[in-house]
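These are the residues of each chain, in order.
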Amino acid sequence: QVQLVESGGGLVQAGGSLRLSCAASGRTFSNYAMGWFRQAPGKEREFVAALGWSGGSTYYADSVKGRFTISRDNAKNTVYLQMNSLKPEDTAVYYCAAGPSFLTGQAMGVSRMYAYWGQGTQVTVSS
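What comes next concerns the included structure. (Residues numbered from 1 in each chain as written. Predicted model: local features only at pLDDT ≥ 70, side-chain atom pairs only at ≥ 80, totals over all residues. Heavy atoms only, no water.)

**Examining the nonpolar core**
Next, step 1: Ranked by size, the top nonpolar core spans 39 residues in total, and within it Leu4, Trp36, Leu81, Met83 and Tyr94 carry the most contacts.
Next, step 2: Sorting the residues of this core by element identifies β1 (2-7), β3 (18-26), β4 (32-39), β5 (46-51), β7 (68-73), β8 (78-83), β9 (92-100) and β11 (121-126) as the ones contributing at least two each. (Core = buried A, V, L, I, M, F, W, Y, C linked by side-chain atoms within 4.5 Å. Buried < 20%, exposed > 50% of the residue type's maximum accessible area, 1.4 Å probe, protein only. Helix = DSSP H or I, 4+ residues; strand = E, 2+ residues; numbered from the N terminus.)

Below is the structure:
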């Protein structure tokens, strides 16, 4: 089992920045690919960004490319999502998720590939 706890959400004006953190506990964190997903009210959960177990491979949704950066610190069992140039359409509950180490490429964007999920943190971007 892997337990995931997100933090860092909040209210920010359009154009601002936030950094989300996801702290993991349980099994060896470095064995897992990590992803961020989000869900806005009335919408389905969608992929945001993902990172391979070693940090060497990344994958982003087109809507966040160039604005968001995913990173991980295996020594701290933590994955981060740096969000810059935020837009009102980025408003959602953001979830981190842990998946198998073999995840690469487009498979990293598939939510059903992830076995473990956090409870989410709210991000609200005002216009």
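**Topic: the packing of aromatic side chains**
Next, step 1: Using the criterion set out here, one finds six aromatic pairs in the structure.
Next, step 2: Both rings, one in Phe37 and one in Tyr114, keep their centres 5.2 Å apart while their planes meet at 80°; by these two values the pair is edge-to-face. A residue pair is termed long-range when its members are at least 10 positions apart, and Phe37 in strand β4 and Tyr114 in the loop between β9 and β10 (116-117) qualify at 77 residues.
Next, step 3: Residue classification places Phe37 among the buried residues on the basis of a relative accessible area of 1%.
Next, step 4: For Tyr114, a relative accessible area of 5% gives the class buried.
Next, step 5: Three or more aromatic residues joined by ring pairs make a cluster, and in this case those are Phe37, Phe47, Tyr59, Tyr114 and Trp117.
Next, step 6: It is Arg45 that lies over the ring of Tyr95; its NZ or CZ is 4.0 Å from the centre.
Next, step 7: The aromatic ring of Trp117 is capped on one face by Arg45, whose charged end is 4.6 Å from the ring centroid. (Phe/Tyr/Trp six-rings, centres within 6.5 Å; stacked < 30°, edge-to-face > 60°. Lys NZ or Arg CZ within 6 Å of the ring centre and 35° of its normal.)

**Section: unusual backbone geometry**
Next, step 1: Of note in this structure, Asn77 is not a glycine but carries a positive phi near 55°.
Next, step 2: Here Asn77 is to be found in the loop between β7 and β8.
Next, step 3: Located in the positive-phi region is Ser85, a residue other than glycine, with phi close to 50°.
Next, step 4: Counting through the fold element by element, Ser85 comes out in the loop between β8 and β9.
Next, step 5: Judged by relative accessible area, Ser85 falls into the partly exposed class, the value being 41%.

**Describing the pattern of salt bridges**
Next, step 1: Enumeration according to the criterion identifies four salt bridges in this entry.
Next, step 2: Note that Asp90 and Arg38 form a salt bridge whose closest N and O atoms lie 2.9 Å from each other. Here Arg38 lies in strand β4 and Asp90 lies in the loop between β8 and β9, a separation of 52 residues in the sequence. Judged on exposure class, the residue Asp90 and its partner Arg38 are both buried.
Next, step 3: Across the pair Asp90 and Arg67 runs a salt bridge whose closest N-O atoms are separated by 2.7 Å. (Salt bridge = Lys/Arg side-chain N within 4 Å of Asp/Glu carboxyl O.)

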